[in-house]
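Survey of secondary and tertiary structure
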Amino acid sequence: MEVTPRLTWNEEKSLQKLLGNVSLRLLYKSSVHGNSFGTMLNKCSCQGSTILMVYLPNNVFGIFVLESYPEMSEHLKKPTTSFLLSFQKNKIMEMTAAFFNSTVDLIDNKLRFNFSQVQYVLLRSNTQNIFIPRLLGEKLGLTYDFKSQYTEYEVFRVEDNLKVIKFYSLLAELRAYRPYADLVSEIRILLLGPVGSGKSSFFNSVKSIFRGHLTRQAIVGSDISTITEKYRIYSIKDEKDGKSLPFMLCDSMGLNEKDGVGLCVDDIPHILKGCMPDRYQHPTFITSPSLNHRIHCVAYVFDINSIDNLSFQMLAKVKQVQKEVLKCGVSQVALLTKVNNCNGVLQDNFLQMSESMIYKSQVRDVNMMLGIPKSNILVVENYASEREMDPLQDILILSALKQMTRAADDFLEDLPLE
């Protein structure tokens, strides 16, 4: 007998948007297979990535686990990547999500997902209750300790989730990153490019991914005017533990083809050597910068749709800047922004996005223009006017950031021994 899921079409589409167009296969339905968590875990163990949907009168809670549930003999597993999500039906199918690592406990009739010592979701099969402490509930828009009775739950296997796995593996790798040989406490990546190319938006996008929601700390300009008037050094905090990650993004004024407008080329050597502090506007130099203060990787940022239209004057300005970068021996990458087909890039060549057929001509042009290897020419779509995050955009952004950390490590490894 075919079992019909309670999950609605709208809810499934929202999940597919979050997870990257995956398919969901029903494994377990408590109203059909029984309310026992032990039976459910036995049936759903070793099924790959799964999502548990818990249905309440006005809410639906979901817990996605990247790996399988623990087997019955293992009450505690090492933390696995997961997230908690909520559909609030009284808000016209609004969905919120919070990202965590979790372990799972099964004790008698209680199933508990532990996101931290004080953040957890507790389900009781004998009373069909769900409990979420306020500290965790706030991440889902709940302002109180949430306790309610659920009507049933379903478990789905998440299939075709290569992109989901890619996203979480990139996130885990960047969270675990440490600069080469611990020569510096964090690497500094300098974003350089024409006005409106997407430098500030790239920082905002990176910060949003690690925060778990969209944020716009850096004010963004337009294609013809720059908002960034001060040299900024941005740290990035991980939402998971609140600690700063070991990479910083340095945002500068945009390059302008006119002399005396925009970033001054004469300032470039001082920035590269670490002489300019955060929020620099006037000549207040750091007189004896350490290796920590220096720039370890430069990313030239271009609007991918404007590569063919760069003026001779702008190209000359970029070449002038690159000459100073080469003098300092700093690693270089190119970042092509405003891609309008993330899915096409990923589908075209998932493992080598710089070889994407969609933007192959632009990658080739930048390669010839700056002499940067194609593997270091990265394509992204920054978050601009979006209200929700997209895992496909996240993959491109994180892949670009990962390549920048590798380039910075190459610079550190190539330093003289002294």
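What you see is a predicted model, and the numbers here were worked out from it, not measured in a lab. (Residues numbered from 1 in each chain as written. Predicted model: local features only at pLDDT ≥ 70, side-chain atom pairs only at ≥ 80, totals over all residues. Heavy atoms only, no water.)

Bringing the confidence of the model for the protein chain into the picture now. Residues with a pLDDT of 70 or more make up 86% of the protein chain, whose mean pLDDT is 85. For the protein chain, per-element mean pLDDT is lowest for helix H9 (residues 342-348), which scores 61, and highest for strand S11 (residues 187-192), which scores 98. Note on residues 69-77: pLDDT is under 50 here. Beyond four places in sequence and across chains, it has 28 contacts. Scored below 50 in pLDDT, residues 222-226 makes nine contacts in the model with residues more than four places away or belonging to other chains. (pLDDT = per-residue confidence, 0-100. Helix = DSSP H or I, 4+ residues; strand = E, 2+ residues; numbered from the N terminus. Contact = heavy atoms within 4.5 Å.)

This next bit is on the pattern of salt bridges. Pairs can form between side chains of opposite charge once their charged atoms are near each other. One pass over the structure, following the stated rule, counts 10 salt bridges. Among the salt bridges present, the one from Arg6 reaches Glu152, with a minimum N-O distance of 3.6 Å. Of this pair, Arg6 sits in the segment before helix H1 (9-19) while Glu152 sits in strand S10 (residues 152-159); the two residues are 146 residues apart in sequence, bridging distant segments of the chain. Residue Glu152 is classed as buried on the basis of its relative accessible area of 8%. Asp278 is the partner of Arg279 in a salt bridge, and the nearest nitrogen-oxygen pair spans 3.8 Å. Look at the salt bridges and you will find they share partners, linking Arg6, Lys29, Glu152 and Glu154 into a network. (Salt bridge = Lys/Arg side-chain N within 4 Å of Asp/Glu carboxyl O. Buried < 20%, exposed > 50% of the residue type's maximum accessible area, 1.4 Å probe, protein only.)

This part takes up the nonpolar core. Of all hydrophobic cores here, the largest spans 99 residues; its most connected members are Met53, Phe202 and Phe210. Per element, the largest residue contribution to this core is 12 residues, and it comes from helix H11 (residues 391-413). Residue assignment places this core across two domains, with domain 1 (9-159) and domain 2 (165-414) each supplying three or more. Those residues within four positions of Phe202 in sequence are excluded, and the remaining contacts are Leu191, Leu249, Leu335, Val380, Asn382, Ile397, Ala400 and Met404. Formed by 29 residues, the second largest nonpolar core is a distinct cluster that contains Phe37, Leu84, Ile132 and Leu140. (Core = buried A, V, L, I, M, F, W, Y, C linked by side-chain atoms within 4.5 Å. Domains from an automatic or database assignment.)

Quick look at H11 now. Here H11 contains 23 residues, and its C-alpha end-to-end distance of 32 Å stays within 8% of the 33 Å for a straight helix at 1.5 Å per residue. Within H11, 20 of the 23 residues are buried, which leaves it mostly tucked inside the rest of the structure. For H11, the side-chain oxygen to backbone nitrogen distance between the N-cap and Leu392 is 2.9 Å, and the N-cap itself is Asp390. (Expected span 1.5 Å × (residues − 1). Polar contact = N/O pair within 3.5 Å; in protein donor to acceptor, adjacent residues only side chain to side chain.)

This brings us to the packing of helix H5 (residues 162-175) against H11. Between H5 and H11, the shortest axis-to-axis distance is 9 Å and the interhelical angle comes to 35°. Crossing hand, H5 versus H11: left-handed. In contact with Lys163, Lys166, Phe167, Leu170, Leu171, Glu173 and Leu174 of H5, H11 contributes Leu392, Asp394, Ile395, Leu398, Ser399, Leu401, Lys402, Thr405 and Arg406. Per-class residue counts for the contact of H5 with H11 are eight nonpolar, two polar and six charged. (Axes fitted to C-alpha atoms, helices over the stretch in contact; angles between N-to-C directions. Left-handed = near helix turned anticlockwise from the far one by under 90°. Nonpolar A, V, L, I, M, F, W, Y, C, P; charged D, E, K, R; others polar.)

This part takes up the environment of Gly38. Position of Gly38 relative to the elements: it lies in helix H3 (residues 37-44). The exposure class assigned to Gly38 is buried, which follows from its relative accessible area of 16%. Sequence spacing of Gly38 and Lys110 is 72 residues, and the spatial spacing of their C-alpha atoms is 9.7 Å.

Another aspect to go through is the sheet that holds S11. Strand order in the open sheet formed by six strands is S12-S13-S11-S14-S15-S16, with mixed pairing between adjacent strands. A single partner strand is all that each edge strand has here, and the edge strands are strand S12 (232-237) and strand S16 (377-379). The sheet shows a mean angle of 25° between the axes of neighbouring strands, taken without regard to direction. The pairing of S11 with strand S13 (residues 244-251) spans five bridges and is parallel. When the sheet's bridge partners are listed, Ile189 is paired in S13 with Leu249. Together, S11, strand S14 (297-303) and strand S15 (331-337) form the strand contacts of helix H8 (residues 312-328), whose direction differs from that of S14 by roughly 165°. In the packing of H11 onto the sheet, the strands contacted are S11, S13, S14, S15 and S16, and the crossing angle to S15 comes to about 165°. (Pairing = 2+ DSSP bridges.)

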